[in-house]
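# Commentary on secondary and tertiary structure
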Amino acid sequence: MKLDFIPVDYDYFDFEGRNFAKVIGRSSNGKRVCIIDSCDVYFWAILKEKISQKEIERLSEKIGEIQLDVKGRRTKVEKVELHNKKFLGNEVKALKIFATNYKDLHDIADQLGMPEIEKRRGYDLGFISHYIMEKKLNPLNWYEINGEILNNSLEFGGIDSSLNVDLCIKVDSIKQSDKQNFSPKVLAFDIEADDLKIGEGELLMVSFISENFKKVITWKKCTKKLDYVECVKDEAELIERFVEIVKKISPDFLVGYFTDGFDFPYIKARAMKHKIKLDIGLDGSQPRFSKSGVGRFGTAKIDGIVHIDLLRFIETAYSQYMQSEVMSLNEVANEFLGEGKKEFEFRHSSKIDSDGWEKYFEYNLHDSVLTYKIFEKIWPDLLEFTRVMQEPVFDVSRNGMSRNVEDYILHNLSRFNEIPERRPGYDEIGERKKREKYVGAFVFEPTAGLYQNLGIFDFTSYWPSIIVTFNLSKSTMLEKKEKNSLEVDLKDKKVYFSKKPGFFPEMLKEIIEKRKKYKKELAEKFDVIKKARSNAFKLLANASYGYLGFFGARYYCPEASASATSISRDFIKEIIAKINNEGYKTIYSDTDSIAFLLNEKSKQKTLEFLKKLNSGLPGIMELELEDFYKRGIWVTTRTGEFGAKKKYALITEKDKLKIRGFETVRRDWCALAREIQNNVLLMILEDGDEKRALEYLKKLVKEVKERKINVKKMMIRTQLKKPISEYKSITPHVVAAQKMLEKEMPIDMGTLIEYYIAETDSKKKLVRDKVKLSDEPGEYNIEYYLKHQILPAVENIMQVFNFDVNTIIETKKQKTLGEF
DNA sequence: GAAGTGGATATACC
DNA sequence: ACTGGTATATCCACTTC
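Here the structure is a predicted model, which means the values were calculated and not measured.

## Digging into the nonpolar core
- One finds Ile63, Ile314 and Leu472 to be the most contacted residues of the largest nonpolar core, which totals 165 residues.
- Broken down by element, this core gets its largest block of residues, 16 residues, from helix H9 (residues 354–389).
- Not counting residues up to four positions away in its chain, the partners in contact with Leu472 are Ile466, Ile467, Leu486, Phe497, Phe504, Pro505, Ala560, Ser563, Ala564 and Ile567.
- One finds Ala673, Met740, Ile790 and Val805 within the second-largest nonpolar core, a separate group that totals 60 residues.

Shown next, in the form of structure tokens:
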């Protein structure tokens, strides 16, 4: 039997003591296929230097005789081989120790306390990762599979008869295929419930969207007006229908939004209450819920069907580039699709009239529609991320960038003949976390002022280009100085790096080259998959520097991180000096970018100068023009003593604004202050003086004093970063959160708390005593908003023109101060 | 009880 | 705990006189 196959979901099982991979995917004619395969399981014992051949033979024999009785399983070492390998770039002799079951590797490794053995590695990868590395059956790529159909055979304990697939195949051989296209079957869903606390209310309805399929199932209230609404008897029947529909559609991907944290835990809790089995897995199993880490939400994994929680992937892959300040379905849908959620005013189901129910059904269905559409939009990225990281899409969609970097490294090690480094243990992580911060990037202190005609240069992929050019990594760091090695002087010690290219910088170099290649091809002809691939490589490169300094990294090397920042400071300062020497004037610089005054020099000349600068840069380091700007403004800090860093605004000749750091771009300031500041900046940068901005400001201050501003514009939004009880300092947003708790509103860490500062009786002095929730009636506190929102937002901007904004704010107290 | 200061907290920049 | 360091700013908590 031969067929084209694309692996989608990976799992494994034990049969007669051995591990078997059970991979679910599709054939080219759209059939649901399961393949069963096995691979060698082994780990490495790295030998100490200067061990004689005879000693190795004796050791191998001894290891080969190891037998264990663990976890109710008798196991033994099956085979031992000697290999020439590399570990952290060094040539080593290592024993490849084969076992029957992957789960035994750790226990066997524990038996290897022999003095000839230096290190034990490669037993902590997880069977699926190990299988993918061994057999190169990469997720979401097409293969030609040769094998034997299991037709209700008793092999593997009759696994195929209990699996709801079209075909089950025992693999003989795997060959790469050229096929590219894959359109998965997708089912999006969303639930509504009365109480937002998990499992504490009733499930009211569930909506589904798939290709040519839409449905809302409900039991509270029935309607004949909407043809997609299906009515059932009660909540128990609703859950049973949910199970039936997932089984009937049997999608490759079951997609939701925040479904790891809300929908699945909710359905599980309600199903348990009614004693209903959520047997939606292809093998008839219920979703497996795993808790991952403290405070973080767990995951819901379904056998054979990949559950995707869009929120998770969006947070890692997109959030840093998104405009939206919150990652709710509404905001994300607006940004991705230009379309938000349907309007619906929530109330308890007992208080909804029949019109209300119809609106509720539409609302619920539309959430699934948005979820489905967002999935379609991000699918190319998810596909390419998975192909690049070579881990199952379930994991890739949930992993953070550090994990992605590590997966990429692990799956590419074999090309370098490298044995994988181990994951740090609990104690080691503890030690690493105690490490003092190393010195980071250089930030130039600007002089406050309004400037004309600026240019900005910046380094392309600064960190990756430094790591590659100077060969920085754990494996290239030397014990001591060697001939031709690079010496970096860190604050408390000197470190050295070999010139011999290491696998980490080499991989990074490949990543950058691939990114460049796809980007170039994209410029010639747009292609959504290439765009996604280019993006995956870009994010991977950007995260690689942070990975080196991350305490959880296998290839953790803070010395390499510190060296990268040290080198970065040297280069940026050198370029600043060269720019100034050429007759330009540096105004500002942060990490990898430099803003300078053109000083009557032409753009043409500036670009030629850039070329000259580039010719002096080593390796793959490259400086490019970010843009030219008509005007730019830098302000002082609030104390007025220094030019403020990380806060500036620029405008191009085409009047395009670029604002950084100002309150305008901070979500924890009220909309009014942000709007005023934004307009003031725009007017000043457009005109080159403050006159128009000043008139505008006076007008707005008057409106605030006359209470003409809608209280909606006064809302301050601040995120809860930890459980309320853990706050040592009771700030306004904590008070607001406490008020929400009293009202039984669901709050969690991560919730964005919305409140305003209201007029209250004058005895209370602290800001937090004047906090009111967004829906609480009250009047905004004029003095607070003038003095603590508007004034700070514009004070330092106007100071550039020697204008004191206090003179137009003029609250009672300010007057007495103003007399000085 | 006003004034000053350090710590806790949130968010942005790169 | 789930990439890194640098920086600003607010408001509370506490000390001091």
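## Notes on the protein's contact with DNA strand C
- Around DNA strand C, 34 residues are found, and the nearest of them are Ser402, Gly440, Lys645, Arg768 and Tyr784.
- Among all atoms of DNA strand C positioned within 4 Å of the protein, those belonging to sugar or phosphate total 91%.
- Take Ala543: an N or O atom from its main chain is 3.1 Å from a base oxygen of DNA strand C.
- Within the backbone of Arg638, one N or O atom sits 3.1 Å away from a phosphate oxygen of DNA strand C.
- Only helix H15 (528–548), strand S26 (643–651) and helix H21 (782–799) provide two or more residues apiece to the surface near DNA strand C.
- Its residues assigned to classes, the surface near DNA strand C shows 16 nonpolar, 10 polar and 8 charged.

## Brief notes about the protein's contact with DNA strand B
- Near DNA strand B there are 20 residues, and of these Asp592, Tyr648, Gly661, Lys722 and Tyr727 occur at the shortest range.
- In DNA strand B, atoms within 4 Å of the protein come 91% from sugar and phosphate.
- In the model, a base oxygen of DNA strand B is placed 3.1 Å from a nitrogen or oxygen of the Arg666 side chain.
- Lys722 is positioned with one of its side-chain polar atoms (N or O) 2.7 Å from a phosphate oxygen of DNA strand B.
- When residues of the surface near DNA strand B are traced back to their parent elements, those giving at least two are S26 and strand S28 (716–719).

## Let's talk about empty space enclosed by the protein
- Counted by the stated rule, this structure contains 3 cavities of 30 Å³ or more.
- By volume, the largest cavity amounts to about 70 Å³.
- Lining the largest cavity are Val405, Tyr408, Ile409, Phe504, Met507, Leu508, Ile511, Leu540 and Ser544.
- Elements with a contribution of two residues or more to the lining of the largest cavity: helix H11 (401–412), helix H14 (503–524) and H15.
- Looking at which element gives the most residues to the lining of the largest cavity, the answer is H14, with 4 residues.
- Classifying every residue of the lining of the largest cavity gives 8 nonpolar, 1 polar and no charged.
- Here the second largest cavity is characterised by a volume of approximately 60 Å³.
- Around the second largest cavity, the lining residues are Leu125, Ser129, Met133, Glu391, Arg403, Glu406, Asp407, Leu410, Arg423 and Arg554.
- Residue assignment for the lining of the second largest cavity shows that the elements contributing at least two residues are helix H3 (127–135) and H11.
- Ranked by the residues each element gives to the lining of the second largest cavity, the list is headed by H11, at 4 residues.
- Of the residues contributing to the lining of the second largest cavity, the split by class is 3 nonpolar, 1 polar and 6 charged.

## Regarding the pattern of salt bridges
- Throughout the structure, instances matching the rule amount to 66 salt bridges.
- Of the charged contacts, one joins Asp279 and Lys247 as a salt bridge, the two residues approaching to 3.3 Å between their closest N and O atoms. A residue pair is termed long-range when its members are at least 10 positions apart, and Asp279 in the loop between helix H6 (259–273) and strand S16 (288–290) and Lys247 in helix H5 (residues 235–249) qualify at 32 residues.
- Overall, Lys247 belongs to the partly exposed group, its relative accessible area being 36%.
- Each of the salt bridges in this network shares a partner with another, and the network as a whole consists of Lys215, Glu230, Arg241 and Glu244.

## Here's the deal with helix H18 (residues 671–687)
- Counted at 1.5 Å a residue, the expected span for H18 with its 17 residues is 24 Å, and the 24 Å between its end C-alpha atoms agrees.
- Residues of H18 that are buried include every one of Leu672, Ala673, Arg674, Ile676, Gln677, Val680, Leu681, Met683, Ile684 and Leu685, and no others.
- Summarising the contacts, the buried residues of H18 are in contact with strand S19 (449–459), strand S25 (623–636), S26, strand S27 (657–660), helix H19 (691–705) and H21.
- Immediately beyond the C-terminal end of H18, within one or two residues, lies Gly688, with a positive phi of roughly 85°.

## A few points about the packing of aromatic side chains
- Applying the stated criterion to the full structure yields 50 aromatic pairs.
- Between Trp634 and Tyr648 the ring centres are 5.4 Å apart and the planes differ by 20°, which places this aromatic pair in the stacked class. Here Trp634 is found in strand S25, whereas its partner Tyr648 is found in strand S26, with 14 residues between them in sequence.
- A relative accessible area of 0% places Trp634 in the buried class.

## Digging into the sheet that holds strand S7 (residues 90–99)
- Spatial strand order, S5-S6-S7-S4-S8: 5 strands in an open sheet with antiparallel pairing. A strand with exactly one partner marks an edge of an open sheet, and here the two such strands are strand S5 (67–70) and strand S8 (117–121). The mean inter-strand angle of the sheet, taken between neighbouring strand axes irrespective of direction, is 35°.
- Examined bridge by bridge, strand S4 (residues 41–47) and S8 share 4 bridges and lie antiparallel to one another. The residue bridging Ala45 from the neighbouring strand is Arg120, located in S8.
- Each of S4, strand S6 (73–87), S7 and S8 touches helix H1 (residues 53–64); the most contacted strand, S6, lies at about 155° to it.

Calculation rules
Residues numbered from 1 in each chain as written. Chains lettered and ligands numbered in written order. Predicted model: local features only at pLDDT ≥ 70, side-chain atom pairs only at ≥ 80, totals over all residues. Heavy atoms only, no water. Core = buried A, V, L, I, M, F, W, Y, C linked by side-chain atoms within 4.5 Å. Buried < 20%, exposed > 50% of the residue type's maximum accessible area, 1.4 Å probe, protein only. Helix = DSSP H or I, 4+ residues; strand = E, 2+ residues; numbered from the N terminus. Contact = heavy atoms within 4.5 Å. Near = heavy atom within 4 Å. Polar contact = N/O pair within 3.5 Å; in protein donor to acceptor, adjacent residues only side chain to side chain. Nonpolar A, V, L, I, M, F, W, Y, C, P; charged D, E, K, R; others polar. 1 Å grid on protein atoms, 1.4 Å probe; cavity = no way out; pocket = protein on both sides within 12 Å on 5 of 7 lines; lining within 4 Å. Points joined across faces, edges and corners; volume = space filled by probe spheres on them. Salt bridge = Lys/Arg side-chain N within 4 Å of Asp/Glu carboxyl O. Expected span 1.5 Å × (residues − 1). Phe/Tyr/Trp six-rings, centres within 6.5 Å; stacked < 30°, edge-to-face > 60°. Pairing = 2+ DSSP bridges. Axes fitted to C-alpha atoms, helices over the stretch in contact; angles between N-to-C directions.

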